[in-house]
Every structure is written in C-alpha cells, then in structure tokens.
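Listed below are the residues making up each chain.
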Amino acid sequence: MLVLGLESSCDETGVALVEVGSGNGPAASGTSVPASSRLLAHTLHSQIALHRAYGGVVPELASRDHIRRVVPLLREALARSGKALAEVDAVAYTQGPGLAGALLVGCAFAEALATALGKPVVPVHHLEGHLLSPLLSADAPTFPFVALLVSGGHTQLMRVDGVGRYTLLGETLDDAAGEAFDKTAKLLGLPYPGGPALARLAEDGRPDQVALPRPMLHSDDLNFSFAGLKTAVLTRVRDMGGEHGELDDAQRADLARGFQDAIVEVLVKKSLKALKQTGLNRLVVAGGVGANRQLRAMLDEAARRRRLRVHYPELEFCTDNGAMIALAGALRLAADAGAARPAGTFAVRPRWPLAELMSPAD
C-alpha cells in the first residue's frame, strides 16, 4: 500500500510517500501493525526565514506560502521515490489541529488530488503523526510503550498499546514545554524561532548559577505546569537589571541554562515516574522539544542506569513533516480500512483534542 502524506498545519509544508507491507511484524502487540513500513521519499519547506522579520508565524503568510510550495514539493517527492502519481493508493493529510488557513490548503489539495485519482483520503491528527513518528526510525520501538509528546503547545504523557490505542497519563495544565521555551526566549531577546535559539544559548551557560523552580516536580500525578517557570525567569531578569536589555551575554547564557535545566529535570522525572507506574520499560519521545540535546542526554543516562529503552525520531522528523502524516495514515488504514473515506467533501479541525482518538486497551 502506497500512501501520500501532506502536512500544512503551521509553518512547514511537507510531502512524503510511505509504502506499507502486510502482516503482523515485531512492532505489533495486540494490534495489526504492518510488518514493514518504508519511507520512500519526503520533501519539506520551512517558512522560518519568511516569518523571522515578524518574530513569529503570520497565519496569512503561512497559508499563501503553502499554496506556492505544495505542487513543487509533490513533484520532487515523486521523482525521488521513483513512483508515479497513479500508483498512490490513498492520500493522507493533516486535518488538525493547527492554523485554520494553513490546514485548509493541505486539506483542499489532498481532497482535490484524491478526487482526480479516484482514491480515498485519510484525515490525520497532527499529534498522532508526531506520536508515531519514531516508528520511522532505524531503532523503531515496539508496543506497548510510554510516550512523552512535547510538540508546540502540547506536553503529554501517554501509554501507547497500539495504533489508536492511547491512554492519557498526564498533560500540561497551562503552558507547554515548547511554549515556555519560546516565551522565555523572547524575554531574553532571542530571535525567532526562540526555542532552538534558547537551547543553543544554554550550551554556553554555567550549571547551578541560576536557581529556578521545578513546577509540579513532586506532585502525586503526572501533570505539568510551565507558566510559572516563565514568570520566574522574568523576575530573575528584572533582579539582574535586565528589564531594558542590560543583561550581558554571560548572564543571558546562565539564565538560559537554568531555565533549560528546570524544564529537562521535570520532563525526565515525570517520564520515569510514568514508566514506573505503568510497569513498562520503553519510552518514546516525540515532538520538537524531543530534539533538545540536554533532554536526550539526561534520558539516555537515566535509561542506562535503570535498564530502560528510550526511542527518538531522527532529528529531521522531530519538527513537522509529511513523513509522519503519511505513516500515521498508512498505519490507520492497515489497522482499520474504515479510516479512509471517499474524497470530495472536507473540513479542517483547528482545535482537535487528541483525547477523541484515544481508545485504551481493556
């Protein structure tokens, strides 16, 4: 089965082709995950340069750029894969959540293309794409596992027993980790995109120089809260005389390091607590913050000490991409043929709770 995937939820345009085999393979545990899934090609265009002048994503500009990019990216993906458009069996696309206008571009293109080809479409939840993206890795995880999903405005811990079989263990009560990174980066005067810029700056900072709170670190549940951490950084900036930009480079680096240390410690300890509560020994990390080098280093060290396994998507699949959408669509189809529907009518879901997809095992 050959599935074409389209991603256009925010500021990346992604197109990919995934080929999925048949039968139950090593990834399966009480679910019909195919024995093999192979990424044939993926193409991606990032709009970072387009939005940098505005300090953030401008929705109208994002939508217009998706329109310009999607056809050339599709042609490039087909050329790289060696496949013809007529060979595509289904078209998967991001239905939500995301920016309404940006989602409409991918949705309309997918529906029109599938109509022309006489093929079905598979609407995909953006976060499910991230959640399953580590299955594209050479070191793909097996079910069941605990997933730490840290993508944009979402920080969640879930038990994953198979495709579509998710149990929410904990989530953020306010700002997500990615949001806290971006907002703190603005406080420190860092350019867009703020999260990666802050992580790079933190590498120059000294540990234990700036003490910041670890919100909900010792709570009885697996929930998160990072809004107060951002406020604590603002207070420290003012205490250090930096409200009007007086901080020097060393102070900014130390603040960035202190902030990142706090975020990473909370994420790591909550993840380990989730593994202990579920009795599982396999953790999957997905989403943009999953590319953070300090987070990976601390999780890897904890896994080594406790004899756990940690899986990550390749760095190119941590941020938004078409490959994860193609894979999620293909796995949904393999598990349930009813996941596809005839093309021609469409709607996007800018707000789409992942909880609606959850169907935990009995």
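Residues numbered from 1 in each chain as written. Predicted model: local features only at pLDDT ≥ 70, side-chain atom pairs only at ≥ 80, totals over all residues. Heavy atoms only, no water.

**Some words on the sheet that holds strand β8 (residues 165-171)**
Stated formally: At least two DSSP bridges between two strands are required for those strands to pair. Each helix is a run of H or I in the DSSP string that is no shorter than four residues. Each strand is a run of E no shorter than two, and both are numbered from the N terminus. Here an axis means a line fitted to C-alpha atoms, over the contact stretch when the element is a helix, while the angle between two N-to-C directions is reported on a 0 to 180 degree scale. We call two residues contacting when some pair of their heavy atoms lies within 4.5 Å.
One open sheet holds the five strands; their spatial order is β8-β7-β6-β9-β10, and the pairing between them is mixed. Across the chains shown, the open sheet's two edge strands, defined by having one partner strand only, are β8 and β10 (309-311). Geometrically, the sheet is characterised by an average inter-axis angle of 25° between neighbouring strands, direction not taken into account. Bridge analysis of strand β6 (residues 145-151) against strand β9 (residues 282-286) gives four bridges, and the strand direction is parallel. If you follow Ala-147 over to β9, its bridge partner there is Val-284. Strands in contact with helix α8 (residues 249-278) are β6, β7 (154-162), β8 and β9; relative to β6, the strand with the most contacts, it is inclined by about 155°.

**With respect to helix α9 (residues 293-306)**
Quick note on the threshold: Working rule for helices: expected span equals 1.5 Å times residues minus one. Burial classes: relative accessible area under 20% of the type maximum marks a residue as buried, over 50% as exposed, and values in between as partly exposed (1.4 Å probe, protein chains only). What qualifies as a polar contact is a pair of N or O atoms within 3.5 Å, subject to a donor-acceptor requirement within protein and to the restriction that residues adjacent in sequence count only when both atoms come from side chains.
Its 14 residues give α9 an end-to-end C-alpha distance of 20 Å, which sits within 8% of 20 Å, the value for a rise of 1.5 Å per residue. Among all positions of α9, only Gln-294, Leu-295, Arg-296, Leu-299, Ala-302 and Ala-303 are buried. Measuring from the backbone nitrogen of Gln-294 back to the side-chain oxygen at the start of α9 gives 3.0 Å, which picks out Asn-292 as the cap.

**A few points about the environment of Thr-172**
Tracing the backbone through its elements, the reader meets Thr-172 in the loop between β8 and α5 (177-187). For the pair Thr-172 and Thr-155, spaced 17 residues apart in sequence, the C-alpha separation works out to 5.6 Å. Ignoring anything within four residues of it in the chain, the contact list for Thr-172 reads Thr-155, Phe-224 and Ser-225. There is a polar contact of 2.7 Å between the side chain of Thr-172 and the backbone oxygen of Asp-175.

**A word on unusual backbone geometry**
Among all residues except glycine, the phi angle is most often negative; among peptide bonds, the trans geometry is most common. A cis amide bond, omega -15°, links Gly-96 with the succeeding residue Pro-97. Among the secondary structure elements, Pro-97 is positioned in the loop between β4 (90-96) and α3 (100-117). Of the consecutive residues Phe-143 and Pro-144, the connecting peptide bond is found in the cis state with omega at 0°. Along the chain, Pro-144 turns up in the loop between α4 (126-132) and β6.

**Observations concerning the sheet that holds strand β2 (residues 12-20)**
Taken together, five strands build an open sheet; the order of strands is β3-β2-β1-β4-β5 and the sheet is mixed. Since the sheet does not close on itself, it has two edges, and those belong to β3 (37-46) and β5 (121-125), each with one partner. Each strand of the sheet is rotated relative to its neighbour by a mean of 20°, with strand direction disregarded. Examined bridge by bridge, strand β1 (residues 2-7) and β4 share four bridges and lie parallel to one another. Bridge pairing in β4 links Leu-4 to Val-91. In the packing of helix α2 (residues 59-81) onto the sheet, the strands contacted are β1, β2 and β3, and the crossing angle to β3 comes to about 145°.

**Brief notes about the nonpolar core**
Applied cut-off: By nonpolar core we mean a set of buried residues, namely Ala, Val, Leu, Ile, Met, Phe, Trp, Tyr and Cys, connected to one another through side-chain atoms within 4.5 Å.
Phe-226, Phe-259, Ile-263, Leu-267 and Val-285 are the most contacted members of the largest nonpolar core, which totals 49 residues. Sorting the residues of this core by element identifies β6, α5, α6 (194-202), α7 (227-239), α8, β9 and α9 as the ones contributing at least two each. In terms of residue count, the dominant contributor to this core is α8 (13 residues). If near-sequence neighbours (up to four positions away) are discounted, Leu-267 is found in contact with Leu-148, Val-150, Thr-155, Ala-177, Phe-224, Phe-226, Val-289 and Leu-295. Val-20, Ala-90, Leu-149 and Ala-323 belong to the second-largest nonpolar core, a separate cluster that totals 37 residues.

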